[in-house]
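Chain residues, written in single-letter form:
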Amino acid sequence: MMRPARSILFFAGIGALVGLIVAVRAPAQQAGAVDPASLIATLQSADASLHDKALACKQLAVVGDESAVPVLASLLADERLSHYARFALEPIPGKAVDAALRDALGKVPGLLKLGVINSIGVRRDAEAVPALKELLASDDLALADAAASALARIGTPDSAASLIEALATAEGQRANIIADALVVGADVARRDGNQDQAVTMYRAIRGAKLPSRYIVAALHGEVLSAGDDGLALWEESAKSADDAIFAAAMGLARHLDPLKAVPILTQFYASAPAERKGVILQAIADLNGESAAELARQALKADDANLQVAALSVLAKHGASQDLVLLIQAVRSDNAEVRAAAQAALDRLDAPGIGEALAGLLETATGDDWLTLAATAGRRRLAVTAPLLRKSLDSPDTARRSAAITALGAIAQWDDAAALLARLGNAASDQEKDAIREALRTAMRRQPDADAAAARLAEMIPSSTGETRAFIFELLTIVGGKTALQTVVQAAQGNDRELQDLATIALGNWLSPDAAQPLAELLESGKAEQFQVRMLRAYIRIARQFNVSPEERLAMCQKALALSRRDAERALVMEVLGRNPGEPTLQLVMEEMNRPETAEAAYAAAVAIGEKWTGNRDMVTQAMQRVTAGTTNATLKARAEAVLNRIR
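The text that follows walks through the structure, step by step, so that each part is easy to find.

Parameters and conventions
- Residues numbered from 1 in each chain as written.
- Predicted model: local features only at pLDDT ≥ 70, side-chain atom pairs only at ≥ 80, totals over all residues.
- Heavy atoms only, no water.
- Helix = DSSP H or I, 4+ residues; strand = E, 2+ residues; numbered from the N terminus.
- Buried < 20%, exposed > 50% of the residue type's maximum accessible area, 1.4 Å probe, protein only.
- Lys, Arg positive; Asp, Glu negative; His and termini not counted.
- Salt bridge = Lys/Arg side-chain N within 4 Å of Asp/Glu carboxyl O.
- Contact = heavy atoms within 4.5 Å.
- Expected span 1.5 Å × (residues − 1).
- Axes fitted to C-alpha atoms, helices over the stretch in contact; angles between N-to-C directions.
- Parallel < 35°, antiparallel > 145°, perpendicular 65-115°, else oblique.
- Left-handed = near helix turned anticlockwise from the far one by under 90°.
- Nonpolar A, V, L, I, M, F, W, Y, C, P; charged D, E, K, R; others polar.

### Concerning the side chain of Lys 113
Part 1 of the argument: Its location among the elements puts Lys 113 in helix α7 (residues 110-123).
Part 2 of the argument: The buried charged residue Lys 113 lacks any salt bridge, with Asp 140 as its nearest oppositely charged partner at 8.5 Å.
Part 3 of the argument: Those residues in contact with Lys 113, other than ones at most four positions away along the chain, are Leu 105, Val 108 and Leu 143.

### Some thoughts on helix α33 (residues 532-545)
Two residues of an α-helix separated by three or four positions point the same way, owing to the 3.6 residues in each turn.
Part 1 of the argument: Taking 1.5 Å as the rise per residue, α33 with 14 residues should run 20 Å; its terminal C-alpha atoms sit 20 Å apart, in good agreement.
Part 2 of the argument: Of the residues making up α33, those classed as buried are Gln 532, Met 535, Leu 536, Ala 538, Tyr 539, Ile 540, Arg 541, Ile 542 and Ala 543.
Part 3 of the argument: Where α33 is buried, its residues touch α31 (497-508), α32 (516-525), α34 (550-563) and α35 (567-578).

### Examining the packing of helix α12 (residues 195-206) against helix α13 (residues 212-225)
Part 1 of the argument: Two elements in contact, α12 and α13, have axes separated by 8 Å at closest approach and are oriented at 155°. If you check the angle between α12 and α13, you find them roughly antiparallel. The handedness of the crossing between α12 and α13 is left-handed. Facing Gln 195, Ala 198, Val 199, Tyr 202, Arg 203, Ile 205 and Arg 206 of α12, the residues of α13 in contact are Tyr 214, Ile 215, Ala 217, Ala 218, Leu 219, Gly 221, Glu 222 and Ser 225.
Part 2 of the argument: When its residues are assigned to classes, the contact of α12 with α13 shows nine nonpolar, three polar and three charged.

### A closer look at the pattern of salt bridges
Part 1 of the argument: Counted under the stated rule, the structure contains 38 salt bridges.
Part 2 of the argument: In this structure, the salt-bridge partner of Arg 332 is Asp 369, at a minimum N-O distance of 2.5 Å. One end of the pair, Arg 332, is in the loop between α20 (324-331) and α21 (336-348); the other, Asp 369, is in helix α23 (residues 367-380), and 37 residues separate them in sequence.
Part 3 of the argument: Salt-bridge contacts for Glu 575 lead to Arg 579; the nearest nitrogen and oxygen are separated by 2.9 Å.
Part 4 of the argument: For Arg 579, a relative accessible area of 46% puts it in the partly exposed group.
Part 5 of the argument: One salt-bridge network, in which partners are shared between bridges, spans Lys 95, Arg 102, Asp 125 and Glu 127.

### Some points on helix α11 (residues 172-191)
Part 1 of the argument: Helix length check: α11 (20 residues) gives 29 Å between terminal C-alpha atoms against 28 Å at 1.5 Å per residue, within 8%.
Part 2 of the argument: Of all 20 residues making up α11, 15 are buried, and the element is well covered by its neighbours.
Part 3 of the argument: The first or second residue beyond α11 is Gly 193, which carries a positive phi of 90°.

Structure, rendered in structure tokens:
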């Protein structure tokens, strides 16, 4: 398995950590943070705890100097403190640290040696190259891996040569380990500005018998490092019969100079086999959208669905408004993938003048083309097309009318909503009425100013009739807000029975808790007397469904009980109380147990509370005892007994 990413991340992480420590060393020393001598004394003390010594190492990483090297070096063989010692040594400047780490290579065992090797790599100690080179041949592949990674990080010509030499004779997993390191080492050399060394390492990888992933990684690095030679290598790779090499070359294209790469790619495109044309077209698009778009227009004429899909993807990003005609033609394709790609391009193409161009086509299009354009106008919410869509509301073609209705709802301008409302009473069928209603619901949800929309709806109420008037009240519930609520409440307070009916239905479906107070006031005032039950149920629904505070919910339940004239509504209140456990709610429920007509509903609420809340055990016990004594429901009685058994 390839591990360049792992190695890069390891060294990047360690390097960043060491860099951070180095950045804070000088300020800490200037501030006299901790005396290094006292930390050294802690490490030398037989009485200091392991924790104290580990902490001293961490502090020496910030304030330590060469005086700390001997004692830290002595800890490299300590299984418990070796890691802390290396952490302290790595940021300390000076040759003494490097010498200590090199010396430890021959002395520390097993996993501790791996750590020392890693530290040498972090410090990029060139003098350690001979010792690390020997470890490359170790029978212990973990040691060989660590040595290879360290040599890669050191990044000198000698360290690179050691890796290249080892790769020449390595096999199997060892070859992969060294290839990993060479990829990392070449990337390090490239970042350090050593382009020639990087190219040499990449070429060594490409010349070896390795899995294709290494060859592809080396190709990527060499192309970006070798200047004109890299461009020639890329051109050669783009012609490769190996699909992995070809794909890598196409992915690399975006990193190249467009002035050089686009002509080469265009030449390749002209002679490439059909299965590669789409990939080459995408590569051209990454460098020069206009060139790719011109090729894409020609590609749509080819009898190759995959190429057409690629071409449509290019036009979606780089096309012009005049390409709408081509996209509409592609939507007619017999191939489902081509149709989907064409529709996606219609929805995404963001060229100058796209709205006007689509409106122009909409004005002259017919049949399925018109339907496609109308649907696109709606999804894109192109207001410039709205006048043309409104004209089609009177079309004799059912499909055209339906498409216009849906698109106008999506565009959601007020003039469009008014036109749809006017059409509602004259719809040709119930199906069309449903389409108009759904379009208007969509339009109202998208209104940018809820109060302005509500005010306009309110202006339409006096002149509206029948189902149009009823639907206006539904739309007011969707729009919501202060103006909409005031409009509905005023209608409920008036003397027009039809308006009271519609208004109280709207209040019953209101989508926010701010309708609670107006409902309570209407109930208490006696207005809309014939709709009292409906309003009370709406009030109880708010208490049950909406997020109001426990105190507000309790007060609403108390008020609902006071206003209830029927047992059915009192039972609904009990259900609300049962969902909201607490002492005040249980008290209210226990009071309701005294009414024989609603006692069973109260018993059920009490058990629901007791199953979730036992904050007052005496109170819950009393309530459950009353349930077991009074209920005729065997299941409810068993639940109450279970609560009693749990709290006893």
